[in-house]
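Working through the structure, step by step
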Amino acid sequence: MTFKFNALYRLGAWGAAACMVTICALIALQVSFRLIDALLVLIGMRRLGLSITGVSEIASYLLVGATFLGLAYTFVHHAHIRVTLLISRLPSAIRAWFEVFCLLVALAISLLLGYGLVELARESRMFNDVSSGFLSIPLWIPQTVLATGVALLCLALAEALVTTLRIAIREPSRFREATATDDSEIH
């Protein structure tokens, strides 16, 4: 299946990767600071007491950002877990319409989630909600990242739905489920 907004989904994946790299850098830095302190104590010197305040809080927000920003990219590359034991045994025409139904359900759930996240971020911004940790991060920032990830997923689901619906109506016997190794099956 070809996706017209693939560059947008790739941008979300790059955002997810940046979140993961930032988590690794923060944790590595925190561990390095602790090692330096341990070595100083070992040789009889005083600790420097270096640490990154709120590193676990930052890492948790970055992990959620990585998860949600990668949703659309994962979907368009067929990396989400799917149980196709029953679907794979159906004739092509029925399988196409079953896929349309599943995409409609997924899109409806994703739209509801996206709407809820946008409203949550809007309210957090309106009421100046901040996290309860050491850093007092405005909550609308990570919530906006969540909403962005879900919006990208909704766009990918809508694209897949339109393409699958087009095939289900015009040439249902041509429908085959796209896999990660063969993206040229559905156009």
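The structure this text deals with has already been given above.
Note that the structure is predicted; figures quoted are calculated from it, not measured. Along every chain, residues carry numbers that run from 1 in the direction the sequence is written. Confidence filtering applies because this is a predicted model: local features only for residues at pLDDT of at least 70, side-chain atom pairs given and counted only at 80 or more, and all residues used for totals across whole chains, interfaces and linings. To get the side-chain values, all heavy atoms of the structure are used, and hydrogens and water are removed first.

Attention now goes to the pattern of salt bridges. Should the charged atoms of two oppositely charged side chains come close, the side chains can pair. Note on definitions: salt bridges are taken to be side-chain nitrogens of Lys or Arg within 4 Å of carboxyl oxygens of Asp or Glu. For the coordinates displayed, the defined rule picks out one salt bridge. Residue Glu-119 is joined to Arg-122 by a salt bridge in which the shortest nitrogen-to-oxygen separation is 2.8 Å. Taken together, the positions of Glu-119 and Arg-122, both in helix α4 (residues 92–126) and three residues apart, correspond to about one turn of that helix. Accessibility expressed as a relative area gives 22% for Glu-119, which makes it partly exposed. Buried, partly exposed and exposed residues are distinguished by accessible area as a fraction of the type maximum, computed with a 1.4 Å probe on protein chains only: under 20%, between the cut-offs, and over 50%, respectively. Residue Arg-122 is classed as partly exposed on the basis of its relative accessible area of 42%. A run of H or I in DSSP becomes a helix once it reaches four residues, and a run of E becomes a strand once it reaches two; helices and strands are each numbered from the N terminus.

Relative to the helices and strands, Glu-159 resides in helix α5 (residues 140–170). Only four residue types enter the charge count, namely Lys and Arg as positive and Asp and Glu as negative; His and the chain termini do not. Put simply, Glu-159 is tucked away with no salt bridge, and the nearest opposite charge, on Lys-4, sits 6.5 Å away. Here a polar contact is taken to be a pair of N or O atoms separated by no more than 3.5 Å, where protein atoms must pair a possible hydrogen donor with a possible acceptor and residues adjacent in sequence count only if both atoms sit in side chains. One polar contact links the side chain of Glu-159 to the main-chain amide nitrogen of Phe-5, over a distance of 3.5 Å. Residue contacts follow a heavy-atom distance rule, with two residues in contact if any of their heavy atoms lie within 4.5 Å. Ignoring sequence-local partners within four residues, the contact set of Glu-159 consists of Phe-3, Lys-4, Phe-5 and Tyr-9.

With that settled, consider the environment of Leu-40. Position of Leu-40 relative to the elements: it lies in helix α1 (residues 6–42). Residues Leu-40 and Tyr-9 lie 31 residues apart in sequence; the distance between their C-alpha atoms is 47 Å.

Further remarks concern the layout of surface pockets. The computed volume of the second largest pocket comes to approximately 150 Å³. Breaking the lining of the second largest pocket down by element, the ones donating at least two residues are α2 (55–69) and α5. Residue contributions to the lining of the second largest pocket peak at four residues, all from α2. Residues are grouped as follows: nonpolar covers Ala, Val, Leu, Ile, Met, Phe, Trp, Tyr, Cys and Pro; charged covers Asp, Glu, Lys and Arg; every other residue, Gly included, is treated as polar. Here the lining of the second largest pocket is composed, by residue class, of eight nonpolar, one polar and no charged. Using a grid of 1 Å spacing that covers the protein atoms alone, one calls a set of points a cavity when a 1.4 Å probe fits there but cannot get out, and a pocket when the set is open and has protein on both sides within 12 Å along at least five of seven lines; lining residues are those with an atom within 4 Å of a point. Grid points are joined across faces, edges and corners, and a volume is the space filled by probe spheres set on the points.

The subject of this paragraph is unusual backbone geometry. Its identity is not glycine, yet Asn-128 carries a phi of approximately 55°, on the positive side. Examined against the element boundaries, Asn-128 turns out to sit in the loop between α4 and α5. On the basis of relative accessible area, Asn-128 is assigned to the exposed category, the value being 61%. The residue Ser-136 is not glycine, and still its phi comes out positive at about 50°. On the basis of relative accessible area, Ser-136 is assigned to the partly exposed category, the value being 38%.

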